Amino acid sequence: MGRGLRAAFRALLRKPVRVRYLTEAGEMVPVPERYRGKITYDKGACIGCLLCIRTCPSGAISTTEEKKVEFSVFKCTFCGQCAEICPKKAVKLGSDFELVVYEKEGMVVR
Amino acid sequence: MTGETRELEYDYSRLVVPFGPVHPALKEPVHFKVFVKKEEVVDVGLRLGHVHRGIEALAETRNLVQAMYLVERVCGICSHSHTTCFVGALEEIGRIQPSERALYLRTLVFELERLHSHLLWLGIMAYEIGFDTLFMFAFNTREAVLDLFEEITGNRVHHSMNVIGGVRWDLDGRMVEKVGRSMSKVREAAQRIREIFQDKTVEERLSGVGLLDRGAAQELCTVGPTARGSGLKTDVRKEDPYAAYGALEGSFSIVTRTEGDAYARTEVRIFEIFETINMINEILARLPGGSIRPGETIIRSMNRVPQGEAVSRVEAPRGELLYYVRTDGKGGLRRLKVRTPTLANIVGLRQMLIGGEVADIPVVVASIDPCLSCTNRITVIDLDKGGAGEPLRRRRRKWPH
Amino acid sequence: MAALAALLASLPAAVFLSLLFEGIDRKLHARMQGRIGPPVTQPFYDFAKLLNKESVFPSSSSKAIFASAPVIAAASSILAGAIPLASLVAGTSVVGDLILILYLLTMSSIMVMIGGSSSGNPYGAIGFSRKMVMLIGYEVPLLASILPLSLKSQHSFSYHGIVQSQVGMGTCFAFAYPSSAFAAAAFLACIPAAAGVVPFDVPEAKTEIVHGYLVEYGGPHLALARLAKDAASFALSFLALTLFFYHPPLFEGHASLGGLASAILCVAFAPAMMFLTVTVPRTVFARLKVGQAFKFCWSLPLTLSALSVVLSAAGF
Ligand code: SF4
Ligand code: SF4
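What counts and what doesn't
- Residues numbered from 1 in each chain as written.
- Chains lettered and ligands numbered in written order.
- Predicted model: local features only at pLDDT ≥ 70, side-chain atom pairs only at ≥ 80, totals over all residues.
- Heavy atoms only, no water.
- Helix = DSSP H or I, 4+ residues; strand = E, 2+ residues; numbered from the N terminus.
- Buried < 20%, exposed > 50% of the residue type's maximum accessible area, 1.4 Å probe, protein only.
- Polar contact = N/O pair within 3.5 Å; in protein donor to acceptor, adjacent residues only side chain to side chain.
- Contact = heavy atoms within 4.5 Å.
- Near = heavy atom within 4 Å.
- Nonpolar A, V, L, I, M, F, W, Y, C, P; charged D, E, K, R; others polar.
- Buried area = accessible area lost by both parts, 1.4 Å probe.
- Salt bridge = Lys/Arg side-chain N within 4 Å of Asp/Glu carboxyl O.
- Expected span 1.5 Å × (residues − 1).
- Core = buried A, V, L, I, M, F, W, Y, C linked by side-chain atoms within 4.5 Å.
- Axes fitted to C-alpha atoms, helices over the stretch in contact; angles between N-to-C directions.
- Parallel < 35°, antiparallel > 145°, perpendicular 65-115°, else oblique.

Chemist: I'm lost on the side chain of Glu111 of chain B in this one. Help?
Modeler: Residue and element names in this part refer to chain B. In this structure, Glu111 sits in helix α4 (residues 100-128). Judged by its relative accessible area of 0%, Glu111 is buried. Among the polar contacts made by the side chain of Glu111, one reaches the side chain of Tyr245 at a distance of 2.3 Å. Apart from the residues within four sequence positions on either side, Glu111 is in contact with Arg237, Tyr245, Thr276, Met279 and Ile280.

The following block contains the structure:
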């Protein structure tokens, strides 16, 4: 009991624990370098080898008419396999984790 | 006051109290039908299968790389255990030997995972006995470990650490230092949590509750901390070393208790936290150099896995996790079988619950650290009656032999 | 007439203070866990929100009892909080109102319990039987701890009489006699059980029996059932402060300021009482089991109160 009491009073006197989230509109909380967020895609660099489609576990990637690919972020599980397999490094997983949109279209990365 | 009790329509001698599938004490869907006599439990029925997801069947339609990420999602807490086990089987079939450094890093994440899982569990246990403060403290400590995961692998839950023949993320000197610093902080906090757990009020709630003696534990094939709390000295890390555990054998010991009650299982986990922290420090100190993954693309590694089968075991935080993998030699799977630790432990629950009090049900259920979405591996479908089974019947496939 | 007016004015004040005290309790509880916690006004929002919701009656319930129980419970515990307030403000009270207050507090527990068990839910039934055990556990020492006060204040069972006798003594009961000091300790030790908080919240243990007798309540009825609980813990901490710790130099203030001033002072100090007897226990303890809780009530508080009764009968 004594130990619980001591720990509780120590917490009372300290600042409460908080994890910073979005503070102001547009201001993002920094994420670690390797963080796997929303995909970014460099269409120019893509050579259309479709290796990413072959290994994507969730079927989030589909081909387009111009022999390139597009990513449905809603299906993506953020495993990062596509970024890893891409021979041209055309795909990266960015730091954006705020995945809320009004239109589903907004979550397709082309 | 006796006049007012007439309002009750209940037969006090034998109430059937449903526990779950939705219950504040059991956060995951499982249904216990508990027969209660006054405050005593006289019988327990168990029903699983509410969240059967068909992962095994799904994996058979994927190639090995995709399946690797799929099995990671069997569990949200021991995700790394699942991939390690799966990849271990693939490496055995394909005779692929990961580098030393890769094995050490695999082990590092594995132990970090055990650390966060046990801290999470301590929090849950505290919550079950109504000690919300301790729950908050434990989760706050666990947060530090999750932050490390985010830093090392880029995700707090699904680390995607393993590839066939290696690991994906390396640790540089700065990160090694950071993990070390975090570990000393976690150790300090865990020490405090341990002290509170050794408090008399907590001990009173937990000791003598949910008894499972050594013989029963062995007979029911319990695994992990549940078995170790009943005095069985079993640990896959020692018995059948995988990853770098063979080399690290001297740096950890198996924690056992002989009481076989909820408090023993708690103590096993608390002391395992310290063993784990020691082991992490050891790994950081001994981290060998070299590359972390094969130079070829993962598709090439995948295609090098021939037709074959293997059984792989790892010691997940909850106990022995077992995978049976049969590959088809064309980068796909013929059959995947997952035996999660909770499936082995959950049969022991009936034994533990009968004769106990209603007040102890959540404590006893929590004491085996059930991970029920892992465990929902079976579902009973009455094909003759049609109904929900109908769509499944259409999709039923013949297992290739 | 003035007393009646004071009582009428005290009723809304008691409701307000009960909710405010819950807010303070939740904030401190959160801070002791390292959380930020809800704003102090949160219970008011909760209360207002619940009032606006629909009440659902389970088909297996006996409706009349199920619906009326929380109303009676809330009314009686608000009254139990309002009477001491009013008598401090008005400076008078009726004979034997202390007994009435304690009876009202018991009444409120019994009513919620009956309402819960009439819901036809097995959890409600278990909550009922557990609350029964707890009632027997804490009522006896709680009542017994009042006896020495009555003995020391000319056999008065009037709340105001007891408070006034502390003014007469020039010191508060907690420090006046050994017997009343033991009585104070017994009373304080009973508060967590009487207020139904961890470690004694067995009748509504969330993780075991899903809030026990509250399980089927919703909407305004839940709001009232919860208000009943809040009002009970307010009443208990206010009673504890005024019966045992009414230190005249501190609370009597200037006689010119009248009863209102001392009532306000007492209200200002009551959160400290609540912090000690409700917030701290519920933060640093794990929930006990029914048997353990009962055993606790019949060991420490009962011994203390028995000791105090014996001592006061012997004249100490
Ligand atoms: S991150 Fe994974 S799931 Fe998402 S698109 Fe890439 S491969 Fe597919
Ligand atoms: S792997 Fe890279 S280059 Fe190939 S299709 Fe995908 S994005 Fe384009």
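Further notes follow.
Chemist: Would you mind showing me how to read the site of ligand 1 here?
Modeler: In the vicinity of ligand 1, 14 residues are found, and the nearest of them are Cys56, Ser58, Cys76, Cys79 and Cys82 of chain A. Considering only residue class, the shell around ligand 1 consists of 10 nonpolar, four polar and no charged.

Chemist: I keep staring at the interface of chain A and chain B and nothing clicks. Help me out?
Modeler: It is common to report an interface's size as the accessible area lost on association of the parts. Chain A puts 25 residues into the contact, and the matching count from chain B is 31 residues. Interface of chain A and chain B: buried area, both sides summed, is about 2400 Å²; carbon and sulfur atoms make up 49% of it. On the surface where chain A and chain B come into contact, there are two salt bridges. Arg293 of chain B is the partner of Glu84 of chain A in a salt bridge, and the nearest nitrogen-oxygen pair spans 2.7 Å. Linking chain A to chain B there are 16 residue pairs in polar contact (both at pLDDT 80 or more). Listed by contribution, the elements that provide at least two residues to the side of chain A that touches chain B are α1 (2-13), α2 (51-55) and α3 (81-85) of chain A. The residue makeup of the side of chain A that touches chain B, split by class, is 14 nonpolar, five polar and six charged.

Chemist: Help me understand helix α9 (residues 178-195) of chain C in this model?
Modeler: For an α-helix, the turn length of 3.6 residues means that residues three or four places apart are oriented alike. Residue and element names in this part refer to chain C. Here α9 contains 18 residues, and its C-alpha end-to-end distance of 26 Å stays within 8% of the 26 Å for a straight helix at 1.5 Å per residue. A large share of α9 lies buried, amounting to 13 of its 18 residues. Positive phi appears at Gly196, one or two residues downstream of α9, with a value of about 70 degrees.

Chemist: What should I look at first to understand the nonpolar core in this one?
Modeler: The tendency in soluble globular proteins is for nonpolar side chains to be buried as a group. The biggest cluster of nonpolar side chains holds 155 residues, and the ones touching the most others in it are Phe86, Leu112, Leu115, Phe197 and Tyr323 of chain B. The leading source of residues in this core is α4 of chain B, at 16 residues. Residues contacting Leu115 of chain B, with those up to four places away along its chain left out, are Val145, Met183, Val186, Ile273, Thr276, Ile277 and Ile280 of chain B. Grouped together as the second largest cluster of nonpolar side chains are 82 residues, Ile114, Met132, Leu239 and Ala263 of chain C included.

Chemist: Would you take a moment to explain the packing of helix α5 (residues 122-144) of chain C against helix α14 (residues 290-297) of chain C for this structure?
Modeler: Working note: a packed helix pair is described by the angle between its axes plus the distance between those axes. Residue and element names in this part refer to chain C. The N-to-C vectors of α5 and α14 enclose an angle of 10 degrees; their axes lie 9 Å apart at closest approach. With respect to α14, the axis of α5 lies roughly parallel. Contacts between α5 and α14 involve Arg130, Val133, Met134, Ile136, Gly137, Tyr138 and Pro141 on the former and, on the latter, Val290, Ala293, Phe294 and Cys297. A per-class count over the contact of α5 with α14 returns nine nonpolar, one polar and one charged.

Chemist: Hey, could you run me through the side chain of Ser10 of chain C in this one?
Modeler: Residues and elements named next belong to chain C. On the secondary structure map, Ser10 appears in helix α1 (residues 2-32). Taking the relative accessible area as the measure of exposure, Ser10 reaches 5% and is therefore buried. A polar side-chain atom of Ser10 sits 3.4 Å from the main-chain amide nitrogen of Ala86. Those residues in contact with Ser10 that sit more than four places away from it in its chain are Ala82, Leu85 and Ala86.

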